[in-house]
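# Residue-level structure breakdown
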Protein chains: 4
Amino acid sequence: MAKALVLEEARSLSLRDIDLADDLGAEDVRIAIDTVGICGSDVHYYTHGKIGPFVVNAPMVLGHEASGVVSEIGPEVTGLTVGDRVCMEPGIPNTRSKASKLGVYNVDPSVRFWATPPVHGCLTPSVVHPAAFTFKLPDHVSFAEGAMVEPFAIGMQAAARARIKPGDVALVTGAGPIGIMVALAALAGGCAKVYIADLVEDKLAVAARYDNIEPILIPRDDAASVLRDATEGWGADVVFECAGAAASIRTALEAVAPAGCVVWVGMPVDPVPVDIVLAQSKEIRMETVFRYANMYDRAIALIASGKVDLKPLISETFAFADSIAAFDRAVEARPTDVKIQIKLEHA
Amino acid sequence: MAKALVLEEARSLSLRDIDLADDLGAEDVRIAIDTVGICGSDVHYYTHGKIGPFVVNAPMVLGHEASGVVSEIGPEVTGLTVGDRVCMEPGIPNTRSKASKLGVYNVDPSVRFWATPPVHGCLTPSVVHPAAFTFKLPDHVSFAEGAMVEPFAIGMQAAARARIKPGDVALVTGAGPIGIMVALAALAGGCAKVYIADLVEDKLAVAARYDNIEPILIPRDDAASVLRDATEGWGADVVFECAGAAASIRTALEAVAPAGCVVWVGMPVDPVPVDIVLAQSKEIRMETVFRYANMYDRAIALIASGKVDLKPLISETFAFADSIAAFDRAVEARPTDVKIQIKLEHA
Amino acid sequence: MAKALVLEEARSLSLRDIDLADDLGAEDVRIAIDTVGICGSDVHYYTHGKIGPFVVNAPMVLGHEASGVVSEIGPEVTGLTVGDRVCMEPGIPNTRSKASKLGVYNVDPSVRFWATPPVHGCLTPSVVHPAAFTFKLPDHVSFAEGAMVEPFAIGMQAAARARIKPGDVALVTGAGPIGIMVALAALAGGCAKVYIADLVEDKLAVAARYDNIEPILIPRDDAASVLRDATEGWGADVVFECAGAAASIRTALEAVAPAGCVVWVGMPVDPVPVDIVLAQSKEIRMETVFRYANMYDRAIALIASGKVDLKPLISETFAFADSIAAFDRAVEARPTDVKIQIKLEHA
Amino acid sequence: MAKALVLEEARSLSLRDIDLADDLGAEDVRIAIDTVGICGSDVHYYTHGKIGPFVVNAPMVLGHEASGVVSEIGPEVTGLTVGDRVCMEPGIPNTRSKASKLGVYNVDPSVRFWATPPVHGCLTPSVVHPAAFTFKLPDHVSFAEGAMVEPFAIGMQAAARARIKPGDVALVTGAGPIGIMVALAALAGGCAKVYIADLVEDKLAVAARYDNIEPILIPRDDAASVLRDATEGWGADVVFECAGAAASIRTALEAVAPAGCVVWVGMPVDPVPVDIVLAQSKEIRMETVFRYANMYDRAIALIASGKVDLKPLISETFAFADSIAAFDRAVEARPTDVKIQIKLEHA
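Residues numbered from 1 in each chain as written. Chains lettered and ligands numbered in written order. Predicted model: local features only at pLDDT ≥ 70, side-chain atom pairs only at ≥ 80, totals over all residues. Heavy atoms only, no water.

## Notes on the overall build of chain A
Here is the rule: In this description a helix means any DSSP run of H or I spanning at least four residues, a strand means any run of E spanning at least two, and both kinds are numbered starting from the N terminus. The quantity called the radius of gyration is restricted to C-alpha atoms. Its globule counterpart is 2.2 Å times the number of residues to the power 0.38. The rule is simple: take the accessible area with a 1.4 Å probe, protein chains only, and divide by the maximum for that residue type; under 20% is buried, over 50% is exposed, in between is partly exposed. Contact definition: two residues touch when any of their heavy atoms are within 4.5 Å. For the purpose of charge, His is not counted, nor are the chain termini; Lys and Arg are scored as positive and Asp and Glu as negative. Charged groups are reduced to one reference atom each: NZ for lysine, CZ for arginine, CG for aspartic acid, CD for glutamic acid.
When its secondary structure is counted, chain A shows 11 helices and 21 strands. Its C-alpha atoms give chain A a radius of gyration of 20 Å, near enough to 20 Å, the size a compact globule of 347 residues would have. Across its three principal axes, chain A shows a C-alpha extent of roughly 60 × 40 × 35 Å. Looking at chain A residue by residue over its 347 residues, the buried ones come to 61%. A sequence separation of at least 24 residues applies to 70% of the contacts in chain A between residues at least 6 apart. Here chain A carries 30 positive and 44 negative side-chain charges, and the mean point of each set is 4 Å from the other.

## So, the sheet that holds strand β2 (residues 12–18) of chain D
Residues and elements named next belong to chain D. To keep things clear, this is the line we draw: Here, any two strands with at least 2 DSSP bridges between them count as paired. The axes are straight lines fitted to the C-alpha atoms, using for helices just the contacting stretch, and the angles between their N-to-C directions are given from 0 to 180°.
Strand order in this open sheet of three strands is β2-β1-β6, and the pairing throughout is antiparallel. Edge positions in the open sheet fall to β2 and β6 (60–61), since each of these has one partner strand only. As defined by bridge partners, strand β1 (residues 2–9) adjoins β2 across seven bridges and the pair is classed as antiparallel. Along β2, the bridge assignment pairs Glu9 with Ser12. Along the sheet face, helix α11 (residues 323–332) touches β1 and β2 and points at about 150° away from the line of β2.

## Quick look at the relation of the copies chain A and chain B
Convention followed: A residue counts toward the fit only if its pLDDT is at least 70 in both copies, and the copies are then superposed by least squares on the C-alpha atoms of those residues.
Overlaying chain A on chain B yields an RMSD of 0.0 Å, the required transformation being a rotation through 180° with an accompanying axial translation of 0.0 Å. A rotation of that kind, with that shift, is consistent with a two-fold axis. The position closest to the rotation axis in chain A is occupied by the C-alpha of Pro273 of chain A, lying 2.0 Å away. A shared binding surface is used by both copies, with 100% of the interface residues of chain A retained as interface residues in chain B.

## A word on the domain arrangement of chain A
All names here are of chain A. In plain terms, the rule: How far each domain reaches was decided by an automatic or database domain assignment. The term buried area refers to how much accessible surface (probe radius 1.4 Å) is lost by two components on association, counted for both of them together. Counted as salt bridges are all cases of a side-chain nitrogen of Lys or Arg within 4 Å of a carboxyl oxygen of Asp or Glu. Two N or O atoms count as a polar contact when they lie within 3.5 Å, although within protein this holds only if one can serve as hydrogen donor and the other as acceptor, and sequence-adjacent residues are included solely when both atoms are side-chain atoms. Any residue that is not Ala, Val, Leu, Ile, Met, Phe, Trp, Tyr, Cys, Pro, Asp, Glu, Lys or Arg is counted as polar, Gly included; the first ten are nonpolar and the last four charged.
Segmentation of chain A into domains returns domain 1 (2–148 + 310–343) and domain 2 (152–288). Using C-alpha coordinates to define each centre, domain 1 is positioned 28 Å away from domain 2. The interface of domain 1 with domain 2 comprises eight residues on the first partner and 12 residues on the second. Both sides of the domain 1 and domain 2 interface together cover about 880 Å² of buried area, and 71% of this is carbon and sulfur. Considering only the side of domain 1, the residues that lose the most area to domain 2 are Leu313, Pro335 and Val338, jointly responsible for 49% of the buried surface there. Taken together, domain 1 and domain 2 are joined by zero salt bridges. Remark: the boundary between domain 1 and domain 2 carries one residue pair in polar contact (both at pLDDT 80 or more). For the side of domain 1 that touches domain 2, the per-class residue count stands at six nonpolar, two polar and no charged.

## What to know about the pattern of salt bridges
Counted according to the given criterion, the structure contains 84 salt bridges over all chains. The shortest N-O distance in the salt bridge between Lys193 of chain C and Glu214 of chain C comes to 3.4 Å. With Lys193 of chain C in strand β14 (residues 193–198) and Glu214 of chain C in strand β15 (residues 213–217), the pair connects residues that are 21 residues apart, well separated along the chain. A residue is classified by how much of its surface remains accessible, and Glu214 of chain C, at 28% relative accessible area, is partly exposed. Residue Arg334 of chain D pairs with Glu332 of chain D through a salt bridge whose shortest N-O separation is 2.8 Å. Salt bridges sharing common partners tie together Arg161, Arg163, Arg285 and Glu287 of chain A together with Glu283 of chain B.

## Quick word on the interface of chain C and chain D
The extent of an interface is frequently quoted as the accessible surface area lost upon association of the parts. Facing the 37 residues of chain C at the interface are 37 residues of chain D. Overall, the association of chain C and chain D removes approximately 3,100 Å² of surface from exposure, summing both partners, and the carbon and sulfur fraction of that is 64%. On inspection of chain C and its partner chain D, the count reaches two salt bridges. The salt bridge involving Glu283 of chain D is made with Arg161 of chain C; its shortest N-O contact spans 3.6 Å. Between chain C and chain D we count 21 residue pairs in polar contact (both at pLDDT 80 or more) in total.

## Section: the environment of Ala333 of chain B
Note that Ala333 of chain B resides in the loop between α11 (323–332) and β21 (339–343). In this structure the C-alpha to C-alpha distance between Ala333 of chain B and Val43 of chain B, which are 290 residues apart in sequence, comes to 9.8 Å.

## Description of the pairing of strand β3 (residues 28–37) of chain C
All names here are of chain C. In terms of residue burial, β3 counts as a mostly covered element, since 10 of its 10 residues are buried. Of the pairings in the sheet, the one linking β3 to strand β11 (residues 126–130) comprises five bridges and is antiparallel in character. Paired with Asp28 across the two strands is Pro130, which belongs to β11. Across eight bridges, the pairing between β3 and strand β7 (residues 65–73) is antiparallel. The residue of β7 that forms the bridge with Arg30 is Glu72. As defined by bridge partners, β3 adjoins strand β21 (residues 339–343) across three bridges and the pair is classed as antiparallel. Looking across to β21, one finds that Gly37 is bridged to Gln341.

## Here we look at the interface of chain A and chain B
Contacts between the two partners involve 37 residues from chain A, matched on the other side by 37 residues from chain B. A per-residue breakdown of the area chain A buries against chain B is headed by Ile276, Gln280 and Glu283 of chain A, which together make up 23% of the total. Across the contact surface, chain A and chain B share two salt bridges. Put simply, chain A and chain B have 21 residue pairs in polar contact (both at pLDDT 80 or more) between them. Secondary-structure elements contributing two or more residues to the side of chain A that touches chain B are α2 (98–101), α4 (149–162), β17 (256–264), β18 (272–274), α9 (276–281) and β19 (285–288) of chain A. Element by element, the count of residues in the side of chain A that touches chain B is highest for α9 of chain A, at five residues. Tallied by class, the residues present in the side of chain A that touches chain B amount to 23 nonpolar, six polar and eight charged.

## Regarding the nonpolar core
Here is the rule: Nonpolar core, defined: a set of buried Ala, Val, Leu, Ile, Met, Phe, Trp, Tyr and Cys residues in which side-chain atoms within 4.5 Å join the residues together.
Core analysis: the largest hydrophobic core is formed by 58 residues, its most contacted members being Phe152, Ile196, Phe240, Val263, Leu310 and Leu313 of chain C. Setting aside residues no more than four positions away along its own chain, Leu310 of chain C makes contact with Met148, Phe152, Met181, Leu184, Tyr210 and Ile303 of chain C.

## Remarks on the pairing of strand β21 (residues 339–343) of chain D
Residue and element names in this part refer to chain D. Stated formally: Crossovers are described as right-handed under a simple rule: with the strands pointing away from the observer, the path leading from the first strand over the helix to the second runs clockwise.
The buried fraction of β21 amounts to four of the five residues, a majority that puts the element mostly inside the structure. Examined bridge by bridge, strand β20 (residues 314–319) and β21 share five bridges and lie parallel to one another. Its bridge partner lying in β21, Phe318 is registered against Ile342. For the handedness criterion, the β-α-β arrangement of β20, α11 and β21 is classed as right-handed.

## Regarding the relation of the copies chain C and chain D
The two copies are related by a screw motion: chain C maps onto chain D through a turn of 180° and a shift of 0.0 Å along the axis, at an RMSD of 0.0 Å. When the interface residues of chain C are mapped onto chain D, 100% of them are again interface residues, pointing to one common binding face.

## Topic: the packing of aromatic side chains
What counts is decided by this rule: Ring pairs shown here join Phe, Tyr and Trp side chains whose ring centres sit within 6.5 Å, with only the six-membered ring taken for Trp; geometry is labelled stacked below 30 degrees between planes, edge-to-face above 60, and tilted in between.
Considering all chains together, one arrives at 16 aromatic pairs over all chains under this definition. Note on Tyr46 of chain D and Phe327 of chain D: the rings are 6.0 Å apart at their centroids and 80° apart in plane angle, and the pair reads as edge-to-face. Linking Tyr46 of chain D in helix α1 (residues 40–48) with Phe327 of chain D in helix α11, this pair joins segments that are 281 residues apart in sequence. Considered together, Tyr46 of chain D and Phe327 of chain D belong to a single accessibility category, that of buried residues. Note on Tyr105 of chain D and Phe133 of chain D: the rings are 5.4 Å apart at their centroids and 75° apart in plane angle, and the pair reads as edge-to-face. Taken together, the residues Tyr105 of chain D in the loop between α2 (98–101) and β10 (112–113) and Phe133 of chain D in the loop between β11 (126–130) and β12 (134–136) connect sequence positions 28 residues apart. Comparing Tyr105 of chain D with Phe133 of chain D, the two get one shared label, buried. One aromatic cluster is present, built from ring pairs that chain together Phe135, Tyr292 and Tyr296 of chain A.

## A few points about the confidence of the model for chain A
Where we set the bar: Values of pLDDT, the confidence the predictor places in each residue, fall between 0 and 100.
Per-residue confidence for chain A gives a mean pLDDT of 97, with 100% of residues at or over 70. Across the interfaces of the predicted complex, the ipTM metric reaches 0.97, alongside a pTM of 0.98.

And the structure:
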């Protein structure tokens, strides 16, 4: 039995004892959790009890953005040792599946992902995890930053799939947490300049604190026009669509340059009209993103080097005992909030 | 003054004399036209007088799929000589534009394309064309085949953008002329097997005469299911959507494998609902196609080698004097017709 | 104890009983071996007792190109069942290594590969193998062809790494077994034409039996000149260097086109002078090949479709009882021999 | 007649009047030169009178790294106007060649490149240049920086061809001017960290002034070992070989990670032994670089954004009247000198 933040059903959270499997396999490590960030999906399960086909039918521990300290290692583990400060990739694929053999284990249909029903999350003091999906944090990278690696990895996946060329100009539509992560990854990944468009000035203000991220307040300004003006009429080399709205999907196709790339990151609830002929007239490439694969070590390297600074995005930190308050704060969705984290205490 | 097949306005064709520019530039060649194929776009201008933003406001010579014989060369032409049997890329870009410098001259906004208003086409005995966009035909490739290079180049562009890996399994939705061209290019370009889906059995029968093209008659059979069954549940490595219909666009996303590729070739008249979340859940790549660039020499090489046989797709050939009858036959759109050609006679 | 073809030490083979591990793991299958091809590496271990750093210090069963029938399956195996006709990928990586997670399990340093010391091969009636590296053969693909998948997969890997574009013209230097496999994979993978160069006319004759493989007898003809003549002076889009000799390495760089690709397949014993400035002057890409990853299903698909016919390359088949004679025949290295196979009999 | 810095023959420079073609074509601009950097190739022509096959057989104006102000435009020029501050790409290809149509105009054999015999360079007050290869400088980018775009573009080409993934760790061998340019482009292009190795401490000190460039002094430290230690044994994702020496070529292959990339930037005088089997054992990709194509606008974007600061690399600036002294200083090759520039004065 362990204490954990349990989603009993939609709109009902308890911080209570629950029975969790904790057998340590030969290639596993046990981790004392230090910090857990709250993701939009955690919030959505809390408020709606489901995301698409994933329905919370039984009490489920929340949380999947985590860092901590290795407290025990399985007999076949190499490369990790007790006391290592780490963060964890929350999805565990079958590494022998066809998708995994191809290097795209994120699209393995049998992935088990923390806090995706029926799999428990990590908002509990101790978890067991495969060493292969556990990554060391350099000394000067804090636990709080370590718990930011997960959302940043999504930005990294988007940047990697875009195949940015050095000096590209990018547009990000949507200045929410994911949009900002994508913008930072795109800049670190080679863009000269990243424009970011949103309807909410406070969100843009958070993003615009970073060098070379230029805010576009819509509808006051038209993102496609801004990009054309900034590029002698050519358009954005890459557009990262992170809002998932019909209007921004249209903007993405208008703003992108000939032979450019649109990365679909935002997840519209329903099928959205897409102007395929407009896309064809510029012969663009479109990429999609599903979580991430092979991004944790790269994300950590960029954070450790100082090229990416995620600390300003941690808006507030709650104690584990106040986890429900932390979730209620996340539900508020204040425009200036990017990430709410929960810090666990170990005696 | 030269005789030409002139579209006076929608639904009105004349075979008559017309004044056409025919100055031979230093890097140009003059070509005695031998064969011209009729494209769906020619037919559409004939029946509707416009395609999207391109409106026939003045009499325009039709035709852009052509082969012929070089009859004169400009003073700076190298690599071509009088008497060479050739075919011609119908779009002439500004080779100093940004798009052209990048190697994607097909998306140069200043391209002048035969039989796209206000540019005249080539259904006339003699044309002037840049040597750089004129390609020699090997002796054993006929003029009829030479005039098929243009539509086949579209298939080649689709196959190239898909980045086929040797042994891929593909699905083509739509067994019209372009669907068949794409299927042949995909097979020649490395696919082990190409499935092709259509509602019309006669069209499928034309395609299925080729080895390794497998017909799927819809709605009797479901294309996504057929592909899953053929691939141990994995799906099509590549889907070439060539029908431009809402149903086939849905099918494309259902049939494609995780980490696979959908190439949008068909041109739906209006924006079409696309299930972006479905695309993301498999993290697919989507490519679009706009005509072609750098495909003529490759297309000719595959035809010359015998790996691609386009001759069975030439359904009927009309004399130049019967050009209007040829167009009326094309308007019929018989399901067994793939390509109608017009043969010019030179004294 | 099982009967097996055992290499006792250099130049000493026995067909004798030997103790082999045969525990069936949860994700393993047991396979009754039907056919095993003899590879150049098997022959080299036989004649020299080592290959580079891999030294035969203890008796080792030879053979790694195999097909057979599943005779037992582990409790967690899905997708395979007793009686399935299969072939096997002989290298078993740690699927949780960094290389494997990236999709390049072939360069995982911990790969265990059949008949590479100290790992036993498969020239024995029954083997245990992970289901994930065991592939079903379609009914109409013979066991003999199934045992050819392994060497053909090397050709596939070379073709895949070249990133052939449809209609490419390729040169293969060296018409030995691997050169021929590469040529067939390159043709199936999208090349219009493959030229193959060798010093030995009999080897070229075997290759030239295939359509669109054109022999170049050196030094009578110069491969780089032949390619220039065939491509209006441009050169080969791809060169697959399969001879591993200083002269052919020079030829590869001379024959390749600007912006083309050279794939280094042949393995020269020592470092070889490479004219880096010549490579730079055309800004070519160079790829290397190490065995293969994710190629078995693609190779089988191409064989099953009839696009690749490996049957003419099976030069002679010996009974298991005559295995030593089979190896002595392979040692002869007759120029007309491509593949010698051994067929096992099951009561 | 115009004043120019003329290389009369090896070791003989004059600042004198010379007859230079200056017809302004319809798509050309005339540029008043402001700043010209001295390149290693300029120096080599000065000291040796030739580079490989390029021999100075007649007096030739030196200089190809230039910025200036547009003073006149041809009648068909768009996008540039009199008074624009610009820098110029010194190679002029035939934009209708096969290489140019493919987007790789840098490997067009007919390129005419400033200060490459028999083509005059730009160390003269006024030059005529195609508008398509002339690029506007933002107001806050100085002429001195504008004249640095040319050498930086080589670094950009290397970074682009490496296809850096965000967060890669790179090694640059050789801390000369090109090595430093490559290191800066690699960092701006997505690397988390760039190690740079050289024998000369003073050169390393210049490079190490930049964040995230880590010096390796050889032979005191072994570059391959340093990279392994920095990457948990994996190796460098990308190695840029910029020294052109046999030892560093060996180091490149030792330091690169499995499935990594080596970019051959340095130009060894003679063919150098390359351990192809070592390259194969990691299945690496090798890229080569020849000048650059389509890099000027990207280079300017990165300089303008502040992501790349080239100003500290301008070691000293000479007046046009002191051009010969400038060249003699460049011949000295002081280890702390990166770039010597010449500034022209206009009345």
